[in-house]
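Fold and geometry: a report
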Amino acid sequence: MNTEEHLLLVVSAAGGEAGSSGGRLIDADPGQPHLSVLDVAATRGDGIFETISLGAGHPQAVELHLDRFERSARMLDLPAPDRALWRDAVLTIAARLAAHDEAWVKIVLTRGIEGHPDPTGWAYGTVSPAFRRERTEGIDVVLLDRGLRSDVAATSPWLLAGAKTLSYAINRAAAREAQRRGADDVVFVSSDGLLLEGPTATLVLRTGDRLRTPPDALGILPGTTQADLFTAAHLWGLEAVVEPLTPADLAEADAAWLVSSVRHAAPIRSVDGVARAIDAPLTAAMNGFLRARRS
Ligand code: PLP
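Since this is a predicted model, take the numbers as computed values, not measurements.

1. Comments concerning the site of the ligand
Close to the ligand lie 17 residues; Lys164, Tyr168, Thr224, Thr225 and Ser261 are nearest. Contacts to the ligand include glutamate 197, whose side-chain N or O atom sits 2.9 Å from a nitrogen atom. Notes on the ligand: free accessible area 390 Å², of which the protein chains cover 94%. Secondary structure elements with two or more residues in the shell around the ligand: α2 (62-75), α7 (224-232) and β12 (255-260). Split by residue class, the shell around the ligand holds five nonpolar, nine polar and three charged.

2. As for the packing of α2 against α7
Between two packed helices, the angle of one axis relative to the other and the distance separating the axes together describe the packing. Interaxial distance between α2 and α7 falls to 9 Å at its minimum, and their mutual angle equals 135 degrees. Judged by the inter-axis angle, α2 sits oblique to α7. Relative to α7, the crossing made by α2 is right-handed. Only Thr224, Ala227 and Asp228 of α7 make contact with α2, whose side of the interface consists of Leu64, His65 and Arg68. Split into classes, the residues belonging to the contact of α2 with α7 amount to two nonpolar, two polar and two charged.

About the thresholds
Residues numbered from 1 in each chain as written. Predicted model: local features only at pLDDT ≥ 70, side-chain atom pairs only at ≥ 80, totals over all residues. Heavy atoms only, no water. Near = heavy atom within 4 Å. Polar contact = N/O pair within 3.5 Å; in protein donor to acceptor, adjacent residues only side chain to side chain. Areas by Shrake-Rupley, 256 points an atom, 1.4 Å probe, with all protein chains shown as cover. Helix = DSSP H or I, 4+ residues; strand = E, 2+ residues; numbered from the N terminus. Nonpolar A, V, L, I, M, F, W, Y, C, P; charged D, E, K, R; others polar. Axes fitted to C-alpha atoms, helices over the stretch in contact; angles between N-to-C directions. Parallel < 35°, antiparallel > 145°, perpendicular 65-115°, else oblique. Left-handed = near helix turned anticlockwise from the far one by under 90°. Contact = heavy atoms within 4.5 Å.

Laid out in structure tokens, this is it:
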């Protein structure tokens, strides 16, 4: 059932043109099955998604998420999402979760049933887990070779590097490899030695008074959390810099984080078993800022 803490809206294409993702929002029961076994989301991971954090009923960075949703749709040759309809889905679920300080909503658009023109879409929202340890004590990460060069987005766009697709089996496998090595998370490195991103997060470093992150031209997701932090960097007396970074930059940085929509800023306390300093006051300020966002 749609309960106070589990909400599902099916984004029906029934009202839209054939082959478009237009339609209407239908309340649905998240405890019941809705997806056809013939949907390519299930059989091929062929679709896109966004996970948007909600602060006391307000979607955070929603326009950046919708920009990225549209960008992913373009990269996968999916019909352009009806932005107003998807924003409405996010806002409807956000309003119903307004009693909770931290919640999230995931929006999904798939190519639909093989051979049919209509995509499948839904929005599911629930309450966030507590991230106290990750946000304060920090996380242990390992560097893993992604096996792709840093120019993959330009040379091989069919690999969809930088699109937020439903094919996260590799991202999950990398997280399991981190656990096998006794760590919590991963920072991917390109085969030519540049720092990329985590399987579900953007890498951010502080070196002196510069907040640094790698450019999305390297075939990584443009992070919405990182974008909001970089817009706010001046609040903490920091200059925001987007530039290629190496593992040596990470080792020498004064502080490092993996940042993402629901977990927010998780300080990195070790890399490949080597302890590193965390910047507790800046981490607390960043997480306070991220949690307090109302748009
Ligand atoms: N990179 C990857 C591969 C991700 O999956 C995510 C989020 O899930 C991010 C970066 C961080 O993006 P955002 O801050 O918009 O959540």
